[in-house]
Each structure stands twice: as C-alpha cells, then as structure tokens.
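# Structural overview for review
So you can see what is in the structure, the chains are spelled out below.
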Amino acid sequence: MRDTLTVSFQARDFSPLLLPGITATPLQLSWSSFGGPQGAVVRLEGAAAHLFALGNLLRSPVLVSDPHGSPVWWGFVDRISLYLPGSQVSLSLDEVFNRVRVRYSFISPDGHLADLNLTDYASSVRSQGDYGIREKTLTYTDLDDAQAEALRDTFLASHAWPRSVLSSRANHDGEVWAELRCSGWFETLAWTQYQNLEGFIANYGPGPGSFEFADSSTRRNPGQLIRPSTDSNLEYAYFMLRRVGTHARHFQCRVFDDLTGASIAYSDIHTADELEEDSWNWVRFRFDSPFSLAGGANYDICVRCTDGTNAYNYFSMRLDESQHLKGSKAVYYNGSSFVNMPSSVVGFGVPDCYFRVVCTTDTGSQLKEIAEAGNQFFNRISSLITGVSASPYRGSPETCLNTIESLMMQGTSTNRLVLAEVSPQLNLSFYEQPSSLVPTAYMDTIGRFFSADSLPLPLYFPPVGQFVYLTGTGYYRLPWDRHRFPACFVHKAVYHPQSGVVQVEPFSSHPA
C-alpha cells in the first residue's frame, strides 16, 4: 500500500487557502541538488464549477506533505490545464513578462550600424504584485528611439497578464479534471536578469598615443588612476608595452596610494626580453596575494622599471588619446609626485592607457549577492566561503539562475560542487557537496534507500545531494561494497507516487 501524500495550497500572499469540493492527487515530484524541490505535477478533480475557479491558483504556493504532516515538496503553481468535455484551456506563467525593455540599434544615414541602445524598463505594477517580477529584454535592429519604446509598451500590454490557450479534444471520456504544473522556489531566480559592471575596468582604445618611461628620473611609473565603486581584490592588471633598445631590464606592476605616492602592492616581475621592440604586447601582471581595494578610493595602477633609469634602454606604454573613458585617467611619476599623462597627439586633455584591471571575490559571496539581487520570495539567504576567487564582472545581462548555476559548477577549493537547498520556510542555503569517500546513503538490489544508519528512507525522501552506494546483499558490507561500484552522486530524483517508482539522475556538466 502506497503512503498517501496530501496537497495543500496558499493564496499568493501566503495566507491559507481552501479548495472545497476539490481532490488533489500528486502524480510526480522531483528534486534537485541545485535548489531542492524542482517540479511537480498534481491532478485536481471535482465539479466543473469548482474547477473553473482554479485560474486564481497561478503562482499560488503548494505544499505536499507525508502521512505524518512532514513537508515533502514545496513550490508554486506555474501552469494550470483544465480538461473539459471536448475542449481544453490552459494558463501559464511562461509568457508573463511585467518588466520589459528593448535593446536596439539602427542604421545611420551613412550606412553604418549604430551603437546598441537600451530603453528604460516599462512595468506593470499590478501584475508584479500578483505574480512577482518577471523581466524580459527584447532585441531588435533597425529601430529608432520612438519605435523601440513603442515595441516595448505594446509587448508589455500583451504579456503583463496570463493568456489562456484553447484547444479542442477529439477523443474524450466526458471526465472533467485539471492538471497543475508546479515549480520549486529556486526556479524563480530565472525571472530576473543580473548584470554587474564592477570588478573589471578596461580600455582597449582605439586611439593614438604612447609614453616612453624609465629613460629619465622624471618619466617613471606610468599607469592608470582608477576608482572602484565597491570593495574588491585586485588580482590581475594588464598593460600594452614594448621595449626600446636591446636589453633585459626588469619591470613589474605596482599599486601606489594616490594621496601619498607610496607603493602599497606589488605584482610578479617580468623582463624586457618578453617584449618586442617593433610591436606592442599585452603583459599580464599577477598579484599573488590579491590586494584589497576600497570602494570609492583612488589608486594608481602603474608599471615600474625596477632597475632604475637608462637613456638608451627603456620602455614604452601604449596610450589612447581619444579620452572616452570616464572616471579614470593615465598618470605618471615626474620625480616628485604623480601627475596627469600629457597628450602628445591630440594636444589637450588627459589620455588613458590601454589596460585591464581584474578584481576578484570569493564565489561564495558572489552567490549570495546574485541570489539577493534576484530574490523575491526567500526569507533568508546564506552562503559559504568556497576558497575560489573569480571576477564578479558580468558585462552581458543573464538570468540570476543561470549565473548562479555557472558559479555552483565552478565548485570549491576542494574540487567539490556547490549545492543549494530551499527549506519549507523559504530559506535558501548554499553549501559544499559532501565527500564521495564517506557514505551517506545506500540502495539495495530491489531499489530501497537506506540512511548511513541503516534506517529505511521513504521513496518521497530520496537522498538528493548525497553520494549513494549500491549494496549487493541485504546487509551492508563496507568497505567491500564501496570497492565494487563507485558511489553515485544523486543530482536529481523523480518520484511517481502512483507507481512507487523513483528515477535517479547523476550530475552532468549541464544540469537541467
């Protein structure tokens, strides 16, 4: 006899909701190590008059409980399909978008493609209040400003609210019933986009200019003044250089305090024979101990020759005198202080270097920051220190969910995945994948799960996010069973309550 699972609903504001005259039966439940409850299918039966009122369930919270009242699966309704004699009607959140903008470009009169532009967002506050914020960026070419805004507003008007889809049923048995497709709360992180322009500052030109340095005591330490907006750790700096003369003098990147001119951080050391004399080279400087930059402070990121000056053997730095970079400028040390780089080609203003500055933060803190940016329903978000550093820069908008999952797959410093779980109280936690060497669950030859303490696990509590060992007999025989077959990491599990079958899926590099 199968255990009976009960299904309960709440209104969109999480207040209690009763559905009189309706019987709810779960047909399928799934879980993922990337977020916990992932999907569910629920069948609703009752009188047609009661079923027609189910349209208000869209985005309503759903809870599936076991016979003891313990939560088994939790999420929200994202699709409703109503089956009537001879017809079918469906409502879905899939095409609901209530915060819309347009990325566009147009052909200029001279036939050249103009720069990409973005409209402001247009929003339906009422729709957002009912369903949550669901963002969409449309991309078009050959538009002007007015056309882009008109397209945005028209799209919003037709997508701010769910639209019904009607179809006929050629073969039917006269039954009236409804099917709900549900999603876990972790999936709501796909509703909004994430972009972070901090952590990476760069200028690639194109523009003319160069600056010779280390040829005299008044032309030293050229580089770029930057002002990061947020706290971060400087790990890499790049400059475009060439050598003048045939020599093997040494140089490195240093961070100078813009107020005092003192050296406060040092990169690895390079030699001039890495450079060409008749062409420019990008040189990467690495700070083995990433240097902490304070948001809002000025820093001079410069290249210093460590062998003094030489009038015949020195270096040249590539400049960009187009002066299009805001909030940053090229500087050098004139023997007594840091001053603005001169403009030798244009003749006025302050040029910029060809440069890249890459700052990094722990990916665990990035996970928390991105989840908080996309959070609409979680009560608390907690993360971990992964020991893996990466640039937080995200130049192109991407959904919060995709950005988070790519970071989770980068793993921790112990080469384990980062997993996530949403609790029934809607608390989101990121944590490290357990070790494959320590058994946490078992499956016997007839498909039953057991805990590490040999306690049977109900089929609706599959060991998702754990390593599972297959046991060859009714008794656990470690370490022999462990050596026969390697442990299987359970990334996903799908439970079919009507048949009592559980399907287990391992992790792949592209988890669904």
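Summarised in this report is the structure supplied together with it. Values in this document were obtained by computation on a predicted structure and should not be read as measured data. Think of each chain on its own: its residues are numbered from 1, step by step along the sequence as written. It should be noted that, the model being predicted, local features are given only for residues of pLDDT at least 70 and side-chain atom pairs only at 80 or more, the latter also being counted only at that level, while totals for whole chains, interfaces and linings use all residues. Each side-chain value is derived from all of the structure's non-hydrogen atoms; neither hydrogens nor water enter the calculation.

### Observations concerning the overall build of the protein
- A helix here means a DSSP run of H or I that spans at least four residues, while a strand means a run of E at least two residues long, and both kinds are numbered starting from the N terminus. Each helix and strand in the protein was counted, giving six helices and 39 strands.
- Within these notes, the globule rule equals 2.2 Å times the number of residues to the 0.38 power, and the radius of gyration is based on C-alpha atoms. What you see for the protein is a C-alpha radius of gyration of 30 Å, clearly larger than the 24 Å of a compact globule of 512 residues, by over 25%.
- For the C-alpha atoms alone, the extent of the protein along its principal axes is close to 95 × 70 × 35 Å.
- The buried label goes to any residue with under 20% of its type's maximum accessible area, the exposed label to any with over 50%, and the partly exposed label to all in between, with areas taken from a 1.4 Å probe on protein chains only. By the burial criterion, 46% of the 512 residues in the protein qualify as buried.
- It only takes one pair of heavy atoms within 4.5 Å for two residues to be counted as in contact. Taking the intrachain contacts of the protein between residues at least 6 apart in sequence as the baseline, contacts between residues at least 24 apart amount to 73%.

### Concerning the sheet that holds strand E17 (residues 220-226)
- Strand order in the open sheet made by the six strands is E20-E19-E22-E17-E24-E25, with antiparallel pairing throughout. Looking at strand neighbours, the two that pair on one side only are strand E20 (263-271) and strand E25 (338-340), the edges of this open sheet. The mean inter-strand angle of the sheet, taken between neighbouring strand axes irrespective of direction, is 25°.
- Relative to strand E24 (residues 329-333), E17 is paired through four bridges, and the arrangement is antiparallel. When the sheet's bridge partners are listed, Arg220 is paired in E24 with Tyr333. Two strands are counted as paired when DSSP detects at least two bridges linking them. In this description, a line fitted to the C-alpha atoms serves as the axis of each element, helices being fitted only across the stretch in contact, and the angle between N-to-C directions of two axes falls anywhere from 0 to 180 degrees.

### Focus: the side chain of Arg101
- Position of Arg101 among the secondary structure elements: in strand E8 (residues 99-104).
- Although Arg101 is buried, it forms no salt bridge, and the closest oppositely charged side chain is Glu135 at an N-O distance of 6.4 Å.
- Here Thr137 takes part through its side chain, which lies 3.0 Å from a polar atom of the side chain of Arg101.
- Those residues in contact with Arg101 that sit more than four places away from it in its chain are Leu118, Thr119, Asp120, Tyr121, Lys136, Thr137, Leu138, Arg152, Gln193 and Pro397. The charge count treats Lys and Arg as positive and Asp and Glu as negative. His and the chain ends do not count. Any Lys or Arg side-chain nitrogen found within 4 Å of a carboxyl oxygen on Asp or Glu counts as a salt bridge. In protein, a polar contact requires one atom able to donate a hydrogen and another able to accept it; more generally it is a pair of N or O atoms within 3.5 Å, and residues adjacent in sequence count only if both atoms are side-chain atoms.

### A word on a negative patch on the surface
- Together, Asp120, Asp144, Asp145 and Glu149 make up a negatively charged patch on the protein surface.
- On the secondary structure map, Asp120 appears in the loop between strand E9 (117-118) and strand E10 (122-123). Patch definition: residues with relative accessible area over 30% and no salt bridge; like charges joined within 9 Å; nonpolar side chains (Val, Leu, Ile, Met, Phe, Trp, Tyr) joined within 5 Å. Computed with the Shrake-Rupley method and a 1.4 Å probe, the accessible areas treat only the protein chains shown as cover for residues. Charge placement uses NZ in Lys and CZ in Arg. For Asp and Glu, CG and CD serve respectively.

### A look at the packing of helix H4 (residues 363-374) against helix H5 (residues 400-410)
- The interhelical angle for the contact between H4 and H5, taken along N-to-C directions, is 165°, at an axis separation of 10 Å. Taken as axis vectors, H4 and H5 run roughly antiparallel relative to one another. Helix-helix and strand crossings are classified by hand; for H4 and H5 the assignment is left-handed. In this structure, H4 uses Thr363, Gln366, Leu367, Ile370, Ala371 and Gly374 to contact H5, whose residues at the interface are Cys400, Thr403, Ile404, Leu407, Met408 and Gln410.
- Its residues assigned to classes, the contact of H4 with H5 comprises seven nonpolar, five polar and no charged. Every angle not falling under 35 degrees, over 145, or within 65 to 115 is termed oblique; those three ranges are roughly parallel, roughly antiparallel and roughly perpendicular. A clockwise turn of the near helix away from the far one marks a right-handed crossing, whereas an anticlockwise turn of less than a right angle marks a left-handed crossing. Residue polarity is assigned by list, with Asp, Glu, Lys and Arg as charged and Ala, Val, Leu, Ile, Met, Phe, Trp, Tyr, Cys and Pro as nonpolar; anything else, Gly included, falls into the polar class.

### Describing the environment of Gly500
- On the secondary structure map, Gly500 appears in the loop between strand E38 (492-496) and strand E39 (501-505).
- Separated by 41 residues in sequence, Gly500 and Leu459 place their C-alpha atoms 7.2 Å apart.

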